[in-house]
Amino acid sequence: MAQPAAGPSDGPCSTPPEPCHPVDEKLHVSRLVPAALQHIAAMYAGVVTPPLIIGQAVGLDPGAQTRLIAASLLIAGLATLLQTLGVKGVVGNRLPFVNAASSAGIAPILAIAENSAPGHELPAVYGAVMVAGLFCLVVGPFFGRLLRFFPPLVTGVVITLIGVTLMPVPVGWAQGGDKEAADFGDMRHLALAAFTLVVILCFQRFARGFFKQVALLMGLFIGTLAAVPFGLADFSALRSAPVAALPTPFASGAPEFQPAAILSLCLVMLVLMTESSAGMLALGEICERRTDGATITRGLRTDGLATLVGPVFGGFPTSAFAQNVGVVSLTRVRSRYVVAVAGGALLVLGAFPVLGAVVSLVPMPVLGGAGIVLFGSIAVSGIRTLSEAGLDDSSNIVLVAVSLGAGIIPLAAPTFYADFPAWAQTVLGSGISAGALVAVTLNLFFHHLGTRDGAHRTPGDVAALKSS
């Protein structure tokens, strides 16, 4: 297939007469900036969600919360720049690929925090995250051989559980966020959450183009404005935040390494590596540039480096952002330099904590209304993946049913594992980790043990394993 050349206003990206591939095209600023803004709009809410949820869960004050948000933005910007520009043959897949803190790590991190001593929550989390990053660096070069153990059947279960197990979080936000507060569940909070949700739905239904893509951000903005007359918007973080500052290394204390926490996040890292690999394969198809094993290895190496180094400044497990793959597919703007500019913008936002503080101005009920959409859409992504996983086969149905059941136990009965050892509570107390363990084990049992070269597999089994 012939590769299109750059437009006359853009200039060639290589020495003539060799044509310029769309991925390497350097767009004119009039096209570059709007395209980058679309990527920022698509990713921003997802980038700040993990620090918002985790910071609230461990009881950070507004200043510390602001620093956590700034660190997340900074690490996302660095990881995205490294991924898109990279060092040829060493690191970075050099595709229009966004890397940032993944929501998949939130539930296991909350479980780790809950089982840690007061004041040791974040050190325990960061120690586990760093080991998970090192695990990714070690396993990454061989991960292509492990993909067959993570078919859509398994990843679909895990992604669905991410959305389902996180749903109590926005529900709590919608009620006010603080369960100990006297006004928790007050109708003012619920009305504000409902108003925010309605605004997002209206933008999604009636807006077009850019405004439809930023429906979530518009809901957050308009919902925050609506909260001001009712005294539900707190501007203290904005007043106290420094204009410019770099994150302080190990501001929450030296990392602590707890075996159960490490096991939990290494399992999550396998899922994130699967998501990143799938994202790279999808982008390769969209961009008409073949994604081979070396490209995936370089991409996963970037994930591992960002996850390993991120906790030094306050970052969390890093992976691909599927919503930005969707932006590339929708706009057909395939230049990696567009995403690099978006990554540079995140870097600037992270270096100016006052900009991160603007996000912390959003009242809890407003976040609750938007969070229902955000986390619900994650569950929908998992359901969509499961729909491609051969569920017409009875073995696959049982696998999904048991895995989802195991993942929902901590949500339906939070005290179910109360008498288990502490390490088991950390691993099984997270619906994502429990569901992933069961899904991987049952996939081995039904589709790998006792089979050879696909023998004895039904058409449904083959469909479930098609990602291998």
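Residues numbered from 1 in each chain as written. Predicted model: local features only at pLDDT ≥ 70, side-chain atom pairs only at ≥ 80, totals over all residues. Heavy atoms only, no water.

**Student:** Mind laying out the packing of aromatic side chains, listing which residues take part and the relevant values?
**Tutor:** In this structure the tally under the stated criterion is 4 aromatic pairs. Here the aromatic rings of Phe445 and Phe446 are separated by 5.2 Å at their centres, their planes lie at 70°, and the arrangement is edge-to-face. Of the aromatic side chains, those joined through ring pairs into one cluster are Phe416, Tyr417 and Phe420. (Phe/Tyr/Trp six-rings, centres within 6.5 Å; stacked < 30°, edge-to-face > 60°.)

**Student:** Describe the side chain of Thr295, listing the residues and the values that go with them.
**Tutor:** Tracing the backbone through its elements, the reader meets Thr295 in helix α13 (residues 293-313). Excluding its chain neighbours within four sequence positions, the residues that come into contact with Thr295 are Asn93, Leu95 and Met280. (Helix = DSSP H or I, 4+ residues; strand = E, 2+ residues; numbered from the N terminus. Contact = heavy atoms within 4.5 Å.)

**Student:** Please give an account of the packing of helix α10 (residues 215-227) against helix α17 (residues 364-386) that cites residues and values.
**Tutor:** Contact geometry for α10 and α17: axes closest at 9 Å, N-to-C directions at 165°. On the basis of the axis angle, α10 is roughly antiparallel to α17. In this structure, the crossing between α10 and α17 has a hand that is right-handed. Side by side, α10 and α17 meet where Leu216, Gly219, Leu220, Gly223 and Thr224 of the first sit next to Val366, Leu367, Ala370, Val373 and Leu374 of the second. In terms of residue class, the contact of α10 with α17 is made up of 7 nonpolar, 3 polar and no charged. (Axes fitted to C-alpha atoms, helices over the stretch in contact; angles between N-to-C directions. Parallel < 35°, antiparallel > 145°, perpendicular 65-115°, else oblique. Left-handed = near helix turned anticlockwise from the far one by under 90°. Nonpolar A, V, L, I, M, F, W, Y, C, P; charged D, E, K, R; others polar.)

**Student:** A description of the nonpolar core should follow, citing residues and the corresponding values.
**Tutor:** Core analysis: the largest hydrophobic core is formed by 104 residues, its most contacted members being Leu73, Leu265 and Phe316. Sorting elements by how many residues they give to this core places helix α12 (residues 259-287) first, with 14 residues. (Core = buried A, V, L, I, M, F, W, Y, C linked by side-chain atoms within 4.5 Å. Buried < 20%, exposed > 50% of the residue type's maximum accessible area, 1.4 Å probe, protein only.)

**Student:** Before we move on, could you go through α17 and cite the residues and values that matter?
**Tutor:** Its 23 residues place the ends of α17 32 Å apart at the C-alpha level, agreeing with the 33 Å of an ideal helix rising 1.5 Å per residue. Residue Ala370 marks the point of greatest curvature in α17, where the axis turns by about 35°. (Expected span 1.5 Å × (residues − 1). Bend = angle between axes of the 7 residues up to and from the residue.)

**Student:** Quick rundown of the pattern of salt bridges? Include the residues and the values.
**Tutor:** Between side chains of opposite charge, a pair can form when the charged atoms approach closely. This model, assessed by the stated rule, comprises 3 salt bridges. Between Arg188 and Asp183 there is a salt bridge, with its nearest N and O atoms 3.8 Å apart. Judged by relative accessible area, which is 38%, Arg188 ranks as partly exposed. Overall, the relative accessible area of 31% leaves Asp183 in the partly exposed class. Among the charged side chains, a salt-bridge network with shared partners connects Asp183, Asp186 and Arg188. (Salt bridge = Lys/Arg side-chain N within 4 Å of Asp/Glu carboxyl O.)

**Student:** Got a sec to walk through the confidence of the model for the protein chain? Specific residues and values, please.
**Tutor:** Caution is warranted with low-pLDDT regions, since their predicted coordinates should not be read in detail. Per-residue confidence for the protein chain gives a mean pLDDT of 80, with 87% of residues at or over 70. Across the protein chain, element-level confidence peaks in helix α4 (residues 121-139) with a mean pLDDT of 94 and bottoms out in helix α21 (residues 459-464) with 43. Scored below 50 in pLDDT, residues 1-12 shows 18 contacts in the model against residues more than four places distant or in partner chains. (pLDDT = per-residue confidence, 0-100.)

**Student:** I'd like a description of the environment of Pro255, backed by residues and values.
**Tutor:** Secondary-structure assignment places Pro255 in the loop between α11 (236-240) and α12. When near neighbours in sequence (up to four residues on either side) are disregarded, Pro255 contacts Pro123, Tyr126, Gly127, Met130 and Phe250.

**Student:** Lay out a nonpolar patch on the surface in plain terms, naming residues and giving numbers.
**Tutor:** A cluster of nonpolar side chains, contributed by Val243, Val348, Phe352 and Leu355, occupies part of the molecular surface with about 330 Å² of accessible area. Among the structural elements, Phe352 can be located in the loop between α15 (336-351) and α16 (353-360). (Patch = residues over 30% accessible without salt bridge, like charges linked within 9 Å, V, L, I, M, F, W, Y side chains within 5 Å. Areas by Shrake-Rupley, 256 points an atom, 1.4 Å probe, with all protein chains shown as cover.)

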